[in-house]
Protein chains: 2
Amino acid sequence: MDAADPLAAIRDRFVLDAAPDEASGGAGVYLDGNSLGALPRAVPGRIADVIAREWGQLRIRSWTESGWWTAPERIGDKIAPLIGAGPGRVVVGDSTSVNLFKAVVGGVRMAGKGCTEILVDATTFPTDGYIARSAARMTGLAVRPVEPGGIADEVTERTALALVNHVDYRTGRLNDLPGITHALHSAGALAVWDLCHSAGALPVGLDAHHVDLAVGCTYKYLNGGPGSPAYLYIRESLQERFESPLPGWNSHADPFAMDPAYTPADGIPRGRVGTPDILSLLALEAALEAWDGVSIEAVRTKSLALTDFFLECVQAYVPPDVVRSLTPQAHERRGSQVSLACSPKLGSSFGQGGTPVAGLVMDELIRRGVVGDFRPPDVLRFGFTPLYTSFADAERAAWVLGEVLRALPEVSSGDAG
Amino acid sequence: MDAADPLAAIRDRFVLDAAPDEASGGAGVYLDGNSLGALPRAVPGRIADVIAREWGQLRIRSWTESGWWTAPERIGDKIAPLIGAGPGRVVVGDSTSVNLFKAVVGGVRMAGKGCTEILVDATTFPTDGYIARSAARMTGLAVRPVEPGGIADEVTERTALALVNHVDYRTGRLNDLPGITHALHSAGALAVWDLCHSAGALPVGLDAHHVDLAVGCTYKYLNGGPGSPAYLYIRESLQERFESPLPGWNSHADPFAMDPAYTPADGIPRGRVGTPDILSLLALEAALEAWDGVSIEAVRTKSLALTDFFLECVQAYVPPDVVRSLTPQAHERRGSQVSLACSPKLGSSFGQGGTPVAGLVMDELIRRGVVGDFRPPDVLRFGFTPLYTSFADAERAAWVLGEVLRALPEVSSGDAG
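Quick caveat, the model's predicted, so the values are computed rather than measured. (Residues numbered from 1 in each chain as written. Chains lettered and ligands numbered in written order. Predicted model: local features only at pLDDT ≥ 70, side-chain atom pairs only at ≥ 80, totals over all residues. Heavy atoms only, no water.)

Q: Report on the UniProt feature "binding site: pyridoxal 5'-phosphate" (unreviewed entry) in chain A, specifying residues and quantitative values.
A: According to UniProt, the "binding site: pyridoxal 5'-phosphate" (unreviewed entry) feature falls on Thr-96, Ser-97, Phe-125, Pro-126, Thr-127, Asp-128, Asp-194, His-197, Tyr-219, Trp-249 and Thr-275 of chain A. Sequence-wise these annotated residues cover 180 residues; spatially they are dispersed, their C-alpha atoms as much as 30.6 Å apart. Residue position: Thr-127 of chain A is located in helix H5 (residues 126-139). According to the relative accessible area criterion, Thr-127 of chain A is buried, its value standing at 3%. Not counting residues up to four positions away in its chain, the partners in contact with Thr-127 of chain A are Ser-97 and Leu-100 of chain A together with Gly-248 and Trp-249 of chain B. (UniProt positions renumbered as here; feature names shortened; annotations may be inferred. Helix = DSSP H or I, 4+ residues; strand = E, 2+ residues; numbered from the N terminus. Buried < 20%, exposed > 50% of the residue type's maximum accessible area, 1.4 Å probe, protein only. Contact = heavy atoms within 4.5 Å.)

Take a look at the structure:
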């Protein structure tokens with residue numbers, strides 16, 4: 001399968017195959033790119049130059065001469081094709097949480113006057129719910145949690161917008177972006193999508209599906225580095241109505257006029273806030289070079305093949321009934337991760353107080369060189385990044401998982417079998 | 001003066017004295033550290049290791065094993081002594097504008113119920129005013145601009161807080177932090193200070209003067225790099241009452257519990273929002289090593305000596321009445337920059353359409369290796385960073401300024417003399 005993989009050579013654009021050294025984590029199988037993407041080879045040299053020459057020698061001149069000032073929009077335009085957006089619709093900067101605040105408040109201000117509520121994905125990554133509640137408190141609306149699958153039935157004429165995760169962080173379920181967006185629009189509400197777990201793993205189609213606002217991080221499938229800046233998408237036709245709750249000087253129509261009165265910039269720079277974080281932005285820009293010549297459709301094809309194959313291997317190598325997949329079997333409802341829930345029968349294994357067994361299983365996997373992650377109470381998450389994950393990686397991960405689970409007393413004695 | 005300077009050796013901790021190369025900007029006199037601090041020598045090696053080993057090899061494990069997760073508070077504690085704060089009162093992350101929003105909204109929520117207004121420094125850097133107006137709009141208050149010197153007279157029992165710049169970005173005037181803070185407290189209002197142009201240049205004394213909230217950037221006198229993250233200070237006794245308008249998951253009491261209900265963390269982590277921007281944070285941490293063994297009092301002594309000497313040299317080398325200093329002569333009202341306003345008599349010089357003459361003078365200074373900056377309509381700014389600026393730098397800058405100004409037709413013909 002690896003020999004037939006058209007993306008196989010892209011792996012060389014990443015630092016992955018260091019000399020085996022378990023202590024350093026340099027080798028092994030890395031299936032946590034859905035939390036922190038691996039290091040693209042283009043980053044170290046680029047950042048060394050940014051620091052030594054652009055900052056160290058040119059200093060302040062780099063704001064113009066090295067293109068620092070325009071980096072948020074320039075890099076936004078490089079992310080745009082990966083999420084189905086035209087140029088001038090994506091701006092990079094701030095954290096996902098900060099961009100969620102801009103999107104939700106900005107969305108409420110564009111919604112109809114009589115709106116009283118915001119719908120929030122009931123299974124959302126927590127920060128979306130926290131920020132939506134703050135935005136609602138500050139705009140006089142209420143928040144109502146709704147399962148993504150129920151939004152079409154729950155949206156009313158009082159709904160300003162719904163904030164929904166494209167891929168569920170815990171289960172890897174892919175929510176129906178076109179259908180939910182259409183249902184929201186039919187009721188006069190806006191659609192605000194969180195793309196953290198989908199961007200870079202599958203086609204999103206923001207423009208094609210008329211999404212109003214979207215945010216996402218860049219450190220998962222976009223491999224921008226730890227805490228790299230997030231982005232904000234604003235549908236082109238809504239940009240002139242977007243009123244940011246964070247109108248920092250970078251979003252002014254003429255920032256260096258130092259005007260005491262605020263006049264928002266035209267277009268997507270209106271989504272900027274303060275001075276952009278150049279080291280992290282330019283690391284992200286270098287990381288995006290890994291996408292040169294890669295189509296998101298090819299990535300999706302490989303992603304589904306990888307997760308299909310991993311699920312097959314789990315079935316082959318892991319004793320029955322010890323884990324079960326929370327990730328949908330249906331391709332149209334699957335993101336690029338597989339989440340396995342540990343059976344309650346494993347509850348007493350390892351015997352260490354307080355730590356759920358799934359956490360201990362993941363610790364042991366990592367010790368054996370297979371890096372995924374654990375989400376309470378019982379979920380083992382394995383992320384598949386088609387740019388660098390191989391089919392051999394998927395098989396080895398399932399094999400080692402089988403070994404670790406078979407070593408548990410409940411499994412080896414047949415109690416859970 | 002340089003031979004007698006106890007801080008002279010600290011200059012070696014920065015990349016400044018590269019081989020003269022006008023085109024690269026590598027040599028010359030750098031007096032723009034009040035906009036972007038020079039590169040500390042500790043940064044390139046540290047960031048190379050962060051990228052290659054912590055991200056490239058350890059990957060996700062670095063969130064715990066490399067101390068990434070706790071970086072915002074750890075680095076806050078390293079900035080704290082420079083601004084007179086005890087440990088646990090400063091958290092690093094987000095831009096200055098975002099932290100201003102947290103501070104102003106958080107401050108309004110702690111203020112008395114009957115408060116109806118926010119006072120904002122009428123001479124503020126623009127972003128403070130823009131963000132204060134947004135915060136006021138979202139909390140139902142009004143904004144009233146007041147000159148810092150008039151705050152004691154203007155504050156009333158309806159004032160929730162005042163947001164004031166410690167050092168004025170345009171003129172270099174140092175505002176009376178102890179006096180204004182005391183006046184605000186006497187009227188029952190909170191004091192929120194913007195330290196962007198003072199932190200790292202002079203003692204601030206946040207704890208000693210009972211400041212309530214403060215924010216500042218780290219890329220000026222703290223040399224953290226372009227767009228490096230800002231910080232938020234919350235007075236210890238107010239922390240449990242601080243309600244962030246940006247309650248991202250990093251500010252949760254137990255972030256990895258992934259709790260749908262928000263419970264704020266105790267202490268200063270409550271000021272966090274989203275995932276911290278690790279490359280920029282750790283560059284800042286390395287940059288702060290330049291402060292090892294340096295007292296802020298020694299920095300202040302040298303800063304005043306530098307600006308005194310520069311003003312003397314300007315008087316000696318620049319023809320009379322061509323420029324005048326906007327920066328106060330009195331030490332207790334002077335920051336660490338000198339702002340010179342160009343005489344209106346120079347209005348027609350250079351003859352290029354649209355660009356104010358002061359902008360053209362600064363362009364010519366930069367061409368001759370003296371880097372300051374220009375703020376419209378007529379201000380030449382020269383920043384003095386005591387960690388690396390020498391007295392020889394100050395003299396050369398004044399000398400070159402005299403040369404540039406004497407070459408103007410209005411000056412050489414005696415019209416402006």
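There is more to say after this.
Q: Quick rundown of the sheet that holds strand S2 (residues 90-92) of chain A? Include the residues and the values.
A: Residue and element names in this part refer to chain A. The strand order across the open sheet built from 7 strands is S2-S8-S7-S6-S5-S3-S4, with neighbouring strands paired in mixed fashion. At either margin of the open sheet sits one strand with a lone partner, and together these are S2 and strand S4 (142-146). In this sheet, neighbouring strand axes are inclined to one another by 20 degrees on average, regardless of whether the strands run parallel or antiparallel. Relative to strand S8 (residues 231-234), S2 is paired through 3 bridges, and the arrangement is antiparallel. Bridge pairing links Val-92 to Tyr-231 in S8. Contacts from helix H3 (residues 71-79) reach S2 and S8, with the element oriented near 125 degrees to S2. Against the sheet, H5 makes contact with strand S3 (117-121), S4, strand S5 (159-165) and strand S6 (190-194), and its axis sits at roughly 150 degrees relative to S4, the strand it touches most. (Pairing = 2+ DSSP bridges. Axes fitted to C-alpha atoms, helices over the stretch in contact; angles between N-to-C directions.)

Q: Tell me about the interface of chain B and chain A, and please be specific about residues and values.
A: Between chain B and chain A, the contact holds 80 residues from the first and 79 residues from the second. A combined buried area of about 6,400 Å² lies between chain B and chain A, and 64% of that area is made up of carbon and sulfur atoms. When residues of chain B are sorted by the area they lose upon contact with chain A, Trp-55, Arg-59 and Tyr-130 of chain B head the list and together hold 13% of the total. Between the two partners, chain B and chain A, sit 2 salt bridges. (Buried area = accessible area lost by both parts, 1.4 Å probe. Salt bridge = Lys/Arg side-chain N within 4 Å of Asp/Glu carboxyl O.)

Q: So what about the UniProt feature "modified residue: N6-(pyridoxal phosphate)lysine" (unreviewed entry) in chain A? Which residues, and what values?
A: Residue and element names in this part refer to chain A. The UniProt feature table records "modified residue: N6-(pyridoxal phosphate)lysine" (unreviewed entry) at Lys-220. Using a relative accessible area of 10% as the deciding quantity, one classes Lys-220 as buried. Sequence-distant contacts of Lys-220, that is, excluding residues within four places in its chain, are made with Gly-33, Asn-34, Ser-35, Gly-37, Cys-196 and His-197. A polar contact of 3.3 Å, which involves the side chain of Lys-220, links it to the backbone oxygen of Asn-34. (Polar contact = N/O pair within 3.5 Å; in protein donor to acceptor, adjacent residues only side chain to side chain.)

Q: Provide a residue-level description of the packing of helix H3 (residues 71-79) of chain B against helix H8 (residues 278-287) of chain B, including the pertinent values.
A: Residue and element names in this part refer to chain B. The N-to-C vectors of H3 and H8 enclose an angle of 25 degrees; their axes lie 10 Å apart at closest approach. Between H3 and H8, the angle falls in the class roughly parallel. Here H3 runs over H8; the crossing is left-handed. Within the contact between the two elements, H3 uses Ala-71, Pro-72, Arg-74, Ile-75, Lys-78 and Ile-79 and H8 uses Leu-281, Leu-282, Leu-284 and Glu-285. For the contact of H3 with H8, a count of residues per class yields 7 nonpolar, no polar and 3 charged. (Parallel < 35°, antiparallel > 145°, perpendicular 65-115°, else oblique. Left-handed = near helix turned anticlockwise from the far one by under 90°. Nonpolar A, V, L, I, M, F, W, Y, C, P; charged D, E, K, R; others polar.)

Q: Residues and numbers for the relation of the copies chain B and chain A, please.
A: Mapping one chain copy onto the other needs a rotation about an axis and a shift along that axis. Its rotation angle being 180 degrees, the transformation that places chain B on chain A also includes 0.0 Å of axial translation and leaves an RMSD of 0.0 Å. Considering both components of the superposition, the chain copies are consistent with a two-fold axis. Taking C-alpha positions as the reference, the residue of chain B nearest the rotation axis is Met-138 of chain B, at 2.8 Å. Taken together, the interface assignments show that 98% of the residues at the interface of chain B recur at the interface of chain A, consistent with an identical surface on both copies. (Least-squares fit on C-alpha atoms with pLDDT ≥ 70 in both.)

Q: Talk me through the pattern of salt bridges; I want residue IDs and the actual numbers.
A: A complete count under the given rule lists 54 salt bridges over all chains for this structure. Among the ionic pairs, Arg-144 of chain A bridges to Glu-117 of chain A, the shortest N-O distance being 2.9 Å. Taken together, the residues span a long stretch of sequence, with Arg-144 of chain A in strand S4 and Glu-117 of chain A in strand S3 at a distance of 27 residues. Linking Arg-368 of chain B and Glu-364 of chain B is a salt bridge whose minimum nitrogen-to-oxygen distance equals 2.8 Å. Overall, the relative accessible area of 28% leaves Arg-368 of chain B in the partly exposed class. Linked by salt bridges that have partners in common, Arg-46, Asp-49, Arg-53 and Glu-54 of chain A make up one network.

Q: I'd like a rundown of the packing of aromatic side chains, residues and numbers included.
A: Taken as a whole and assessed by the stated rule, the structure comprises 27 aromatic pairs over all chains. Where Trp-63 of chain A meets Trp-69 of chain A, the ring centres are 6.1 Å apart and the plane angle is 65 degrees; that geometry is what we call edge-to-face. An aromatic cluster of three or more residues is present, and its members are Trp-63, Trp-68, Trp-69, Trp-249 and Phe-256 of chain A together with Phe-125 and Tyr-169 of chain B. The aromatic ring of Tyr-30 of chain A is capped on one face by Arg-59 of chain B, whose charged end is 4.7 Å from the ring centroid. (Phe/Tyr/Trp six-rings, centres within 6.5 Å; stacked < 30°, edge-to-face > 60°. Lys NZ or Arg CZ within 6 Å of the ring centre and 35° of its normal.)

Q: Help me get a handle on the pairing of strand S13 (residues 379-383) of chain A, residues and values and all.
A: Residue and element names in this part refer to chain A. Extensive coverage of S13 is indicated by the burial of 5 of its 5 residues. Alternating residues of S13 divide into Val-379, Arg-381 and Gly-383 and Leu-380 and Phe-382, and every residue in both groups is buried. Note: strand S10 (residues 337-342) against S13, 5 bridges, orientation antiparallel. Within S13, the residue paired with Ala-341 across the bridge is Val-379. Both strand S12 (residues 373-375) and S13 contribute to a ladder of 3 bridges, which runs antiparallel. Bridge pairing in S13 links Asp-373 to Arg-381.

Q: So, unusual backbone geometry: which residues are in play, and what are the values?
A: Along the chain, Pro-376 of chain A connects to Pro-377 of chain A via a cis peptide bond; the corresponding omega equals 0 degrees. Position of Pro-377 of chain A among the secondary structure elements: in the loop between S12 and S13. Residue Asp-94 of chain B is not a glycine yet carries a positive backbone phi of 70 degrees. Relative to the elements of secondary structure, Asp-94 of chain B occurs in the loop between strand S2 (90-92) and helix H4 (96-110).

Q: Now, about the nonpolar core: what can you tell me, with residues and values included?
A: If you look at the biggest cluster of nonpolar residues, it comprises 144 residues, and the most contacted ones within it are Ile-83 and Leu-195 of chain A together with Ile-83 and Leu-195 of chain B. Apart from residues lying up to four places away in sequence, Leu-195 of chain B is in contact with Ile-83, His-166, Leu-177, Val-204, Leu-206, Ala-214, Val-215, Gly-216 and Tyr-231 of chain B. In this structure, Val-104 and Leu-190 of chain A together with Val-215 and Phe-242 of chain B belong to the second largest nonpolar core, which totals 66 residues. (Core = buried A, V, L, I, M, F, W, Y, C linked by side-chain atoms within 4.5 Å.)

Q: A description of the domain arrangement of chain A should follow, citing residues and the corresponding values.
A: All names here are of chain A. Under the domain assignment, chain A is made up of domain 1 (8-30 + 295-412) and domain 2 (45-291). One C-alpha centre belongs to domain 1, the other to domain 2; they are set 30 Å apart. Across the boundary between the two partners, domain 1 contributes 26 residues, which contact 21 residues of domain 2. On the domain 1 side of the contact with domain 2, Ile-296, Arg-333 and Gln-337 bury the most area, a combined 28% of that side's loss. At the junction of domain 1 and domain 2, the tally comes to 1 salt bridge. In this structure, Arg-333 and Asp-176 form a salt bridge, with 3.8 Å as the shortest nitrogen-oxygen distance. The tally of links between domain 1 and domain 2 comes to 8 residue pairs in polar contact (both at pLDDT 80 or more). (Domains from an automatic or database assignment.)

Q: Can you tell me about the pairing of S4 of chain A, naming the residues and giving the values?
A: All names here are of chain A. Where S3 meets S4, 5 bridges bridge the pair, whose relative direction is parallel. Opposite Ile-118, over in S4, you have Val-143 as the bridge partner. A crossover links S3 with its parallel partner S4, the connecting element being H5, and its sense is right-handed. (Right-handed = clockwise from strand over helix to strand, strands pointing away.)

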